[in-house]
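One letter stands for each residue in the lines below.
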Amino acid sequence: MQKIKMLSITITVGLFLILMGCSNSSDNSDSSQSENQLKVVYVSNNTWDSVFEYLKESFESENEEVEVELVPISGNNEEDQRTKIALMRQSQEKFDVVFQVFSSLKNDIDAGYLQSIDSLREDWSGYDQIVDSLTEPYIADDQLYGLPISATVRGMFYNSNMFDEAGITENSETWDPESWDDIKDAMQQIDENFEEKYPIYYASAKASGEGAVLQSFLMFLSGTDDWIFEDSKWIVESQGLYDSFKWIEDTREYNGTPKVLTNPNGWQTVQYEWMPNEEVGMVLEGAWITNSWVEGSPGECEECQDIYKLAPMPKQNGNGNAGITNTSSLAVSSTAESPELAKEFIKHALTKENSIEIAGILDQVPVREDALESSEFKENTPNADIALNLLESAIYPPSDPNYPTVAMEIQEAMEKITVQGQSAEEVMKEFAINVERTVGEDNVIRKSYNK
């Protein structure tokens, strides 16, 4: 506690000195922004509005001389919002802190849109509390260009009642699958022991959008010996890709129903009906779905927290867990007029207390190890006990401008297998042709594979 107090005093004194240096600014009366003002640009929706309003209020409360101007970017969808921020950057519009989309991180660094905040690695003790695997992708040319403020984790929810009855577990013991074979064995046992119930649900069609990619396909692929992006090129044929498509082919008979899989609102059927009514054995999803069962929600189910337990998704042949994470992050714009103040704002967002608060608002998990281990987080968050484990084994989706297009091709390929009944081999060949057509022949890699 004493260490936290001293850190708070250090931050406050440091910020005071920054502001004192800016107090006699009469010579800068023509500038568009005084140096104790902070302009924060972010993607607007109900939850993000809540996060940034909370940060504005708490930051201004601790620093009375500071005025934070929030610039929420609205749009018809997230892609529209990202485009608007990109246009602001291209026009050199001045703002200080920016909500950074991970998929465009590398491109934004290369384009010079972000300032280095590398001093935080040496000068701020809070940096060492952030899970290492989450900060590494924000470092380019040995410089830090952003920091995640919350993260998502994914795993396999399983119905402990059905598992006991099917003989997979006993007395609701923890199920810890070691390979894909263990998952498939569980599907088969549930299928044999329960009529008119679904062994598993995982998103595997275009209707689920990027969710099918992050919650399903990349979860499978990350458990193989291959990945989809290497040396700034897209891998379109490999053993791992083939095995991931083949896994979908081999398990499609156990996976939900085509009607639900191809419905954009199919997830609501799963989370609000199938799970509360115990009609599904396993669901591969994000840890945030527990909020579908809280009081007042459409799927309100007091017992579901105890019935559905969360297990890590194992790697294909064992030797650890697979996982995908996506983080929400902050960076300092290259056009920032108050870059030091912007770094103080990012540090404020990443205190232990604020890390827990933000994760709670977003239904995500904190990125600080001390927050993940705290009683406040564990007592108020379902499955908090394995959150750190899931984060440490998780990797990011590729950061490349072509990611959204490739993600759409993955969704298309999954649906061809799940709904149209095509084979893994023919789907991967079509996937390779389509991605190459989009990104160019020089930007793809083909590796050998065995059927």
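Residues numbered from 1 in each chain as written. Predicted model: local features only at pLDDT ≥ 70, side-chain atom pairs only at ≥ 80, totals over all residues. Heavy atoms only, no water.

> Can you help me understand the confidence of the model for the protein chain in this one?
Note that predicted coordinates carrying low pLDDT should not be read in detail. Overall, the prediction assigns the protein chain a mean pLDDT of 90, with 93% of residues at 70 or greater. In this model residues 1-31 is a low-confidence stretch, pLDDT under 50, and it forms 17 contacts with partners more than four residues away in sequence or in other chains. (pLDDT = per-residue confidence, 0-100. Contact = heavy atoms within 4.5 Å.)

> Just checking my understanding: could you explain the packing of helix α9 (residues 210-221) against helix α19 (residues 403-418) for this structure?
When two helices pack together, their arrangement is captured by the angle between the axes and the distance separating the axes. For the pair α9 and α19, interaxial distance at closest approach is 8 Å and the crossing angle is 75°. Relative to α19, the element α9 is oriented roughly perpendicular. Residues E210, A212, V213, L214, S216 and F217 of α9 pack against Y403, A407, I410, Q411 and M414 of α19. Grouping the constituent residues of the contact of α9 with α19 by class yields 8 nonpolar, 2 polar and 1 charged. (Axes fitted to C-alpha atoms, helices over the stretch in contact; angles between N-to-C directions. Helix = DSSP H or I, 4+ residues; strand = E, 2+ residues; numbered from the N terminus. Parallel < 35°, antiparallel > 145°, perpendicular 65-115°, else oblique. Nonpolar A, V, L, I, M, F, W, Y, C, P; charged D, E, K, R; others polar.)

> Looking at this model, I keep getting lost on a negative patch on the surface. Mind explaining?
Taken together, the side chains of E122, D123, D128, D132, E136, E369 and E392 make up a negatively charged region of the molecular surface. Along the chain, E369 turns up in helix α16 (residues 369-372). E369 gets classed as partly exposed once you look at its relative accessible area, which sits at 30%. (Patch = residues over 30% accessible without salt bridge, like charges linked within 9 Å, V, L, I, M, F, W, Y side chains within 5 Å. Areas by Shrake-Rupley, 256 points an atom, 1.4 Å probe, with all protein chains shown as cover. Salt bridge = Lys/Arg side-chain N within 4 Å of Asp/Glu carboxyl O. Lys, Arg positive; Asp, Glu negative; His and termini not counted. Charge placed at Lys NZ, Arg CZ, Asp CG, Glu CD. Buried < 20%, exposed > 50% of the residue type's maximum accessible area, 1.4 Å probe, protein only.)

> What am I meant to see in the side chain of D400 here?
Structurally, D400 is set in the loop between α18 (387-392) and α19. The buried charged residue D400 lacks any salt bridge partner; its closest oppositely charged side chain belongs to K106, at an N-O distance of 6.3 Å. Here W234 takes part through its side chain, which lies 3.4 Å from a polar atom of the side chain of D400. In contact with D400, not counting residues within four places along its chain, are S103, F229 and W234. (Polar contact = N/O pair within 3.5 Å; in protein donor to acceptor, adjacent residues only side chain to side chain.)

> Sorry if this is basic, but what is going on with the pattern of salt bridges here?
It is possible for side chains of opposite charge to pair when their charged atoms get near one another. Inspection of the entire model under this criterion finds 18 salt bridges. Here R368 ties to D370 by a salt bridge, and the two come within 2.8 Å at their closest N and O atoms. A relative accessible area of 6% means that R368 is categorised as buried. Notably, a salt bridge pairs E436 with R446, separated by 2.6 Å at the nearest N-O pair. Pair noted here: E436 is in helix α20 (residues 424-439) and R446 is in strand β16 (residues 444-446), with a separation of 10 residues, a long-range link. A relative accessible area of 23% means that E436 is categorised as partly exposed. Each of D118, R121 and D142 takes part in one network of salt bridges that share partners.

> Just checking my understanding: could you explain the pairing of strand β1 (residues 37-43) for this structure?
Remember that side chains alternate between the two faces of the sheet whenever the strand is regular. Extensive coverage of β1 is indicated by the burial of 6 of its 7 residues. As defined by bridge partners, β1 adjoins strand β2 (residues 67-73) across 7 bridges and the pair is classed as parallel. Counterpart to K39 in the pairing with β2 is E69. As for the winding sense of the linkage, the β-α-β connection from β1 through helix α2 (residues 46-62) to β2 is right-handed. Relative to strand β3 (residues 97-100), β1 runs parallel, the two sharing 2 bridges. Bridge pairing in β3 links V41 to V98. (Pairing = 2+ DSSP bridges. Right-handed = clockwise from strand over helix to strand, strands pointing away.)

> Would you mind going over the sheet that holds strand β15 (residues 327-332) with me for this structure?
Backbone-to-backbone hydrogen bonds join strands into a sheet, with any given pair of strands oriented parallel or antiparallel. Taken together, 5 strands build an open sheet; the order of strands is β2-β1-β3-β15-β6 and the sheet is mixed. Here the strands that pair on one side only, and so sit at the sheet edges, are β2 and β6 (147-151). Taken pair by pair, the neighbouring strands of this sheet meet at an average axis angle of 20°, ignoring direction. Inspection of the sheet shows β6 paired to β15 by 4 bridges, in the antiparallel sense. The partner of P148 across the bridge, within β15, is S329.

> Honestly, helix α10 (residues 239-251) in this entry has me stumped. Any pointers?
Every α-helix winds through 3.6 residues per turn, so residues three or four apart in the chain are directed the same way. Over its 13 residues, α10 runs 18 Å from end to end, which matches the ideal 18 Å to within 8%, given 1.5 Å per residue. In terms of residue burial, α10 counts as a mostly covered element, since 10 of its 13 residues are buried. Among the residues making up α10, those that are buried are G240, L241, Y242, D243, S244, F245, W247, I248, E249 and T251. Against the buried residues of α10 lie α8 (180-193), α9, β10 (233-237), α19 and α20. (Expected span 1.5 Å × (residues − 1).)

> How do you make sense of the nonpolar core when you look at a structure like this?
One recurring pattern in soluble globular proteins: nonpolar side chains tend to sit buried together. Residues L147, W175, I228, F245 and M282 are the most contacted members of the largest nonpolar core, which totals 136 residues. Per-element tally for this core: the top contributor is α9, with 8 residues. Apart from residues no more than four positions distant in its own chain, W175 is found in contact with M156, Y158, F163, I168, T169, D182, I183, A186, M282 and A311. (Core = buried A, V, L, I, M, F, W, Y, C linked by side-chain atoms within 4.5 Å.)

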